[in-house]
Amino acid sequence: MLRVDEQQSPVTFTPELVKQFDDIVSRYPAGKQKSALLPILHLVQAEHGWLSSKAMDKVAEYLELQDIEVYEVATFYSMYFMRPQGKYVLEVCRTGPCGIVGAEKIMDHIEQKLGVKEGEVTADGLFSWRGVECLAACGYGPVLQIGPEYTFYAPNAFTPNGDGRNDLFMPVGTEIDEKTFHMMIFDRWGNLIFETTDFHKGWDGRANGGKDIAQIDTYVWKVSFNDLLHKRHKFEGKVSLIK
Ligand code: FES
């Protein structure tokens, strides 16, 4: 249910956020900016943690819609939060198949462990929880999700010897906006020896486009990308090149 809370602080959208709005709107024909409403609400929620009525009013203003048009969409979908949430939101599927295999027990356990009821936030602001409908993983029930969240993995060694196995250093992940991917590889002296913005390319172990494989050593990688909620992430690690 929509809560109208006059105590809500005024909402401002950063220029970076508005730029992302503009980018989304530009994907639709002129005059059809309402089609951008769902992704824009996701962005606002990712930035502010929930959708206050003031935030929704600002979205309406940006998209030149009536406030009610934003409210009716935001309140229809359960993935939009109408009240502040914990930093981590635990969502337990309570639909039939998960219910049969123990969803209620999980919810009871979470309530007891966190000491807050469904929809409430723990005193440290870290957690809130709620029951949701089918999360499309019925065969694995009971299902609990914490998210939405991206995943990112990078191997710590690879063997670029051309045998077709483990030849590339190639990070993988899900919920990543591949267009925003950037990876750099540095040698032990801090020299940039490889760089790519192609998520599917990977490092083949060659330095500076050279013909030969770089020497056996440990290299530093730096990766940055946006997740599908347009949040920027940066990671750094080491990978061993083994021949
Ligand atoms: S019923 Fe729980 S994931 Fe579908």
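These figures come from a predicted structure and were not determined experimentally.

Asks: Just checking my understanding: could you explain the sheet that holds strand 1 (residues 88–93) for this structure?
Replies: Note on sheets: strands pair through backbone hydrogen bonds, and any given pair is parallel or antiparallel. With mixed pairing, the 3 strands of this open sheet are ordered in space as 2-1-3. Of all the strands in the sheet, just strand 2 (127–132) and strand 3 (144–146) have a single pairing partner and so form its edges. Strand-to-strand, the axes of this sheet are offset by a mean angle of 20°, without reference to chain direction. Here strand 1 pairs with strand 3 via 3 bridges, running antiparallel. Its bridge partner being in strand 3, valine 92 is matched across the sheet by leucine 144.

Asks: Which parts of the structure should I look at to understand a nonpolar patch on the surface?
Replies: Taken together, the side chains of Leu38, Phe76, Tyr77 and Met79 present a nonpolar region at the surface, about 390 Å² in accessible area. Note that phenylalanine 76 resides in the loop between helix 4 (67–74) and strand 1.

Asks: Looking at this structure, I do not really get the packing of helix 2 (residues 37–48) against helix 4. What am I missing?
Replies: The relative placement of two packed helices is expressed as an angle between their axes plus a distance between the axes. Helix 4 packs onto helix 2 with a crossing angle of 80° between their chain directions and a minimal axis gap of 11 Å. When the axes of helix 2 and helix 4 are compared, the pair comes out roughly perpendicular. In this structure, helix 2 uses Leu37, Leu38 and Leu41 to contact helix 4, whose residues at the interface are Glu69, Val70, Val73 and Ala74. Taken together, the residues of the contact of helix 2 with helix 4 break down into 6 nonpolar, no polar and 1 charged.

Asks: When you look at the sheet that holds strand 8 (residues 192–196) in this model, what are you seeing that I'm missing?
Replies: As summarised here, the arrangement of the 5 strands in space is 5-10-9-7-8, forming an open sheet in which the pairing is mixed. Every interior strand has two partners, whereas the edge strands, strand 5 (157–158) and strand 8, have only one. For strand 9 (residues 217–227) and strand 10 (residues 232–241), the ladder comprises 10 bridges, and the chain directions are antiparallel. Bridge pairing in strand 10 links tryptophan 221 to glycine 237.

Asks: Is there a simple way to think about the packing of aromatic side chains in this case?
Replies: The relation between two aromatic rings is expressed through the spacing of the ring centres and the mutual angle of the planes. Scanning the model with the defined rule gives 15 aromatic pairs in all. Aromatic side chains phenylalanine 152 and phenylalanine 225 sit 5.4 Å apart centroid to centroid with 45° between the ring planes, which places their arrangement in the tilted category. Taken together, the residues phenylalanine 152 in strand 4 (residues 151–153) and phenylalanine 225 in strand 9 connect sequence positions 73 residues apart. For phenylalanine 152, a relative accessible area of 16% corresponds to the buried category. Taking the centre distance of 5.3 Å and the plane angle of 45° together, the rings of phenylalanine 158 and tryptophan 203 count as tilted. Here phenylalanine 158 is found in strand 5, whereas its partner tryptophan 203 is found in the loop between strand 8 and strand 9, with 45 residues between them in sequence. The exposure class assigned to tryptophan 203 is buried, which follows from its relative accessible area of 0%. Through successive ring pairs, a cluster of aromatic residues spans Phe152, Phe158, Phe169, Phe194, Trp203, Tyr219, Trp221, Phe225 and Phe235. For lysine 222, the ring lying beneath its charged end belongs to phenylalanine 186, and the centroid distance is 5.4 Å.

Scoring rules and cut-offs
- Residues numbered from 1 in each chain as written.
- Predicted model: local features only at pLDDT ≥ 70, side-chain atom pairs only at ≥ 80, totals over all residues.
- Heavy atoms only, no water.
- Pairing = 2+ DSSP bridges.
- Helix = DSSP H or I, 4+ residues; strand = E, 2+ residues; numbered from the N terminus.
- Axes fitted to C-alpha atoms, helices over the stretch in contact; angles between N-to-C directions.
- Patch = residues over 30% accessible without salt bridge, like charges linked within 9 Å, V, L, I, M, F, W, Y side chains within 5 Å.
- Areas by Shrake-Rupley, 256 points an atom, 1.4 Å probe, with all protein chains shown as cover.
- Salt bridge = Lys/Arg side-chain N within 4 Å of Asp/Glu carboxyl O.
- Parallel < 35°, antiparallel > 145°, perpendicular 65-115°, else oblique.
- Contact = heavy atoms within 4.5 Å.
- Nonpolar A, V, L, I, M, F, W, Y, C, P; charged D, E, K, R; others polar.
- Phe/Tyr/Trp six-rings, centres within 6.5 Å; stacked < 30°, edge-to-face > 60°.
- Buried < 20%, exposed > 50% of the residue type's maximum accessible area, 1.4 Å probe, protein only.
- Lys NZ or Arg CZ within 6 Å of the ring centre and 35° of its normal.

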